[in-house]
Amino acid sequence: MREAVRLALAIAAKDIRAELRSRTALLSATVFAALVLVVFNFARDPTALAAIDLAPSVLWVTFALAAMVALNRAFTIERENAALDGLLLAPVPREALFLGKLLANLAFVGTVEAITLPLFVLFFNVPIVHALPGILGVTALATVGFVAVGTIFSAMAVRTRFAELMLPVLLLPFMVPPLIGAVQATARLLAHRPLSEVMGWLRLLALYDVVFVTLCMLAFPAVVDE
Amino acid sequence: MTQPAAAAPIVRRGLLLSSVALLGLAGVYVLAIGYTPVEARQGLAQKIFYLHVPAAWSALLSFSLVGISSALYLWLHDPRLDRFAASSAEVGVAFSAVMLTTGPIWAKPIWGTWWTWDARLTLTLFLFFLFIGYLALRAALADPAERARFSAVVGILGMLLVPFIHLSVYLFRTLHPQPVVLKPSAPSLPPAMLQTLLTSVAVFTLLYIGLVTVRYGIALADEAREAADAA
């Protein structure tokens, strides 16, 4: 178990190091997220709809789209120069390999989210400080779930002919429960509701995480092993 | 190695079953129009019930069987399970399309709207999308073994997604009470209606079996051709 975690961390560290050396993907994903926020701003009639009413949906659609872009790249980099074959030849349990890729994806998506959140506050003028701990918790819970499913789908999608299209088509239905939960919880937290009121949603998000992280880890060998 | 010759009898059997089911379907139309009484409040619009509910039944049956056969495939690695899952998913998408078109046709006069984000509607819509994705993935993969493994994984994850979608759309609605949607509250059906409905469910189940059998035979023939091309 300790060994598996160590291997997973090593794989995640490899991905993060590779990303930090080029930074192109991280930069593009962040710019993409910022652009989505800007586009959303023009999709709303400011006289008809207050920013605060739309804010939770805008935030989560932006996060979801940014995560999609990020996940598309997770296994594309392993495809180049058959890097995945090298990883699979190494004596690494597949579960540890999955955990490593998941951690790297979480670091990537988390970074994009961390940069997008202040931009969102800035563009939409949403007072957020009072709800910040709650929103960070909701973000973490929701992100873990759909990034786990996205990681395994990304490994499949790169093997198909239209990888960039296949991933969203497969992943979006799986994003629905975490997105509904996150939007609902965020809206309540922004409206100064107490944390106890969103406990139901938080439980649902946590349950989703437990079920899908476990399931994806168990199913991962079927995706990478011939 | 599968022989093309093995596929033909299966397809024929499937076509026979489907033809019987289609005859039965004609019978359901006769029953629905001639035998069942006109519902007092909904009028003739209610007749669509005898197609919509059985179509929904067949769609859910096919998707459940995709989930189960996917799980069994990852365990047993029997290509028959994969072929069955693929056939069932395709037929299920067809039945969902019937369900998702007959539903709004009924809902417009009765609810006053084509679509509402009711928990059950949302769930079935996402199931439909999920299995379109499943079929798209299958179509985009060339290697049969890889296709079988990947689609089995999607099938299993999809089966587990269903309770989550249900729970989240249900919570979404109960926490956010919407304007009261006019819904028939589980009516105790008059015998004529119940008999027609049950007949129709039986007919649609038979149609499901027939269509899946045809599709299974076609999958068998496809594999034989793929293997011949590869050789």
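These numbers come from a predicted model, not from an experiment. (Residues numbered from 1 in each chain as written. Chains lettered and ligands numbered in written order. Predicted model: local features only at pLDDT ≥ 70, side-chain atom pairs only at ≥ 80, totals over all residues.)

Thoughts on the overall build of chain A
Okay, step 1: Helix and strand counts for chain A come out as nine helices and zero strands.
Okay, step 2: Starting at the N terminus and ending at the C terminus, chain A contains elements arranged as α-α-α-α-α-α-α-α-α.
Okay, step 3: Computed over its C-alpha atoms, the radius of gyration of chain A comes to 18 Å, within 12% of the 17 Å expected for a compact globule of 226 residues.
Okay, step 4: Each of the three principal axes of chain A carries a C-alpha extent, and together these read 60 × 35 × 30 Å.
Okay, step 5: By residue count, 43% of the 226 residues in chain A fall in the buried class.
Okay, step 6: Nonlocal contacts in chain A, meaning residues at least 24 apart in sequence, comprise 85% of its contacts between residues at least 6 apart. (Helix = DSSP H or I, 4+ residues; strand = E, 2+ residues; numbered from the N terminus. Rg over C-alpha atoms; globule rule 2.2 N^0.38 Å. Buried ≥ 20, exposed ≤ 12 C-beta atoms within 10 Å, placed from the backbone. Contact = placed C-beta atoms within 7 Å.)

Let's talk about the overall build of chain B
Okay, step 1: Along its length, chain B carries six helices and zero strands.
Okay, step 2: Along its sequence from the N terminus, chain B presents helices and strands in the succession α-α-α-α-α-α.
Okay, step 3: In terms of overall dimensions, chain B has a C-alpha envelope of 65 × 45 × 25 Å along the principal axes.
Okay, step 4: Here chain B holds 231 residues, and 38% of them are scored as buried.
Okay, step 5: In chain B, the proportion of contacts linking residues at least 24 apart, taken out of those at least 6 apart, comes to 83%.

Here we look at the confidence of the model for chain B
Residue and element names in this part refer to chain B.
Okay, step 1: The predicted model of chain B averages 86 in pLDDT, with 91% of residues at 70 or higher.
Okay, step 2: Low confidence marks residues 175-184, where pLDDT is under 50. Its contacts with residues over four positions away, or in another chain, come to seven contacts.
Okay, step 3: Reported confidences for the modelled complex are a pTM of 0.87 and an ipTM of 0.88. (pLDDT = per-residue confidence, 0-100.)

Points about the packing of helix α6 (residues 94-124) of chain A against helix α7 (residues 132-157) of chain A
Residue and element names in this part refer to chain A.
Okay, step 1: Across the interface, α6 lies against α7 with an axial gap of 9 Å and an inter-helix angle of 130 degrees. Comparing their axes, α7 and α6 come out oblique. Where α6 crosses over α7, the two elements pack in a sense that is right-handed. Here Phe98, Lys101, Leu102, Asn105, Leu106, Val109, Gly110 and Glu113 of α6 come into contact with α7, specifically with Thr139, Thr143, Val144, Val147, Ala148, Gly150 and Thr151. (Axes fitted to C-alpha atoms, helices over the stretch in contact; angles between N-to-C directions. Parallel < 35°, antiparallel > 145°, perpendicular 65-115°, else oblique. Left-handed = near helix turned anticlockwise from the far one by under 90°.)

Here we look at the nonpolar core
Okay, step 1: Judged by nonpolar contacts, the single largest core of 125 residues is most densely connected at Ala67, Ala70, Val147, Val149, Ile152 and Val223 of chain A together with Val153 of chain B.
Okay, step 2: Among the elements that line this core, the one with the most residues is helix α8 (residues 163-190) of chain A, at 14 residues.
Okay, step 3: When sequence neighbours within four positions are dropped, the list of residues in contact with Val147 of chain A reads Ala67, Leu71, Leu102, Asn105, Leu106 and Val109 of chain A. (Core = buried A, V, L, I, M, F, W, Y, C linked by C-beta atoms within 7 Å.)

Quick word on the interface of chain B and chain A
Okay, step 1: Of the residues lining the interface, 27 residues belong to chain B; the matching set on chain A comes to 25 residues.
Okay, step 2: Where the side of chain B that touches chain A is concerned, the elements lending two or more residues are α4 (119-140) and α5 (144-175) of chain B.
Okay, step 3: With 18 residues, the single largest contributor to the side of chain B that touches chain A is α5 of chain B.
Okay, step 4: Of the residues assigned to the side of chain B that touches chain A, the class counts are 23 nonpolar, two polar and two charged. (Nonpolar A, V, L, I, M, F, W, Y, C, P; charged D, E, K, R; others polar.)

Some details on α8 of chain A
All names here are of chain A.
Okay, step 1: Largest kink in α8: about 40 degrees, centred on Met175, with the proline Pro177 one to four residues after it.
Okay, step 2: Of all 28 residues making up α8, 21 are buried, and the element is well covered by its neighbours.
Okay, step 3: Once α8 ends, the next one or two residues include His192, with phi positive near 65 degrees. (Bend = angle between axes of the 7 residues up to and from the residue.)

Here's the deal with helix α9 (residues 199-224) of chain A
An α-helical segment advances 3.6 residues per turn. Residues three or four places apart therefore align on the same side.
All names here are of chain A.
Okay, step 1: Taking 1.5 Å per residue as the helical rise, α9 with its 26 residues ought to reach 38 Å, and the 37 Å between its terminal C-alpha atoms agrees with that figure.
Okay, step 2: Where α9 bends most, at Leu218, the angle is about 35 degrees, and the proline Pro221 comes one to four residues later.
Okay, step 3: Listing the buried residues of α9 in full gives Trp201, Leu204, Leu205, Tyr208, Asp209, Phe212, Cys216, Ala219, Phe220, Val223 and Val224. (Expected span 1.5 Å × (residues − 1).)

Some thoughts on the environment of Ala119 of chain B
Residues and elements named next belong to chain B.
Okay, step 1: In this structure, Ala119 sits in helix α4.
Okay, step 2: For Ala119, a count of 17 C-beta atoms within 10 Å gives the class partly exposed.
Okay, step 3: Through-space distance from the C-alpha of Ala119 to that of Glu39 is 25 Å; in sequence the pair is 80 residues apart.

Some details on the packing of α6 of chain A against α9 of chain A
Residue and element names in this part refer to chain A.
Okay, step 1: α9 packs onto α6 with a crossing angle of 105 degrees between their chain directions and a minimal axis gap of 8 Å. One element, α6, and the other, α9, form an angle in the roughly perpendicular class. Facing Arg94, Glu95, Phe98 and Leu99 of α6, the residues of α9 in contact are Cys216, Met217, Phe220, Pro221 and Val224.
Okay, step 2: Split by residue class, the contact of α6 with α9 holds seven nonpolar, no polar and two charged.

Overview of the environment of Ala187 of chain A
Okay, step 1: Along the chain, Ala187 of chain A falls in helix α8.
Okay, step 2: C-alpha of Ala187 of chain A to C-alpha of Pro56 of chain A: the two residues are 131 residues apart in sequence and 5.5 Å apart in space.

Side note on unusual backbone geometry
All names here are of chain A.
Okay, step 1: Here Arg23, not a glycine, exhibits a phi torsion of approximately 65 degrees, which is positive.
Okay, step 2: Here Arg23 lies in the loop between α1 (2-22) and α2 (24-42).
Okay, step 3: The class for Arg23 is exposed, based on 10 C-beta atoms found within 10 Å.
Okay, step 4: Not every positive phi belongs to a glycine, and His192 is a case in point at roughly 65 degrees.

Description of the environment of Thr199 of chain B
Residues and elements named next belong to chain B.
Okay, step 1: Residue position: Thr199 is located in helix α6 (residues 191-230).
Okay, step 2: A count of 19 C-beta atoms within 10 Å places Thr199 in the partly exposed class.
Okay, step 3: For the pair Thr199 and Leu31, spaced 168 residues apart in the sequence, the C-alpha separation amounts to 9.2 Å.
Okay, step 4: Discounting chain neighbours no more than four positions away, the residues touching Thr199 are Val28 and Leu31.

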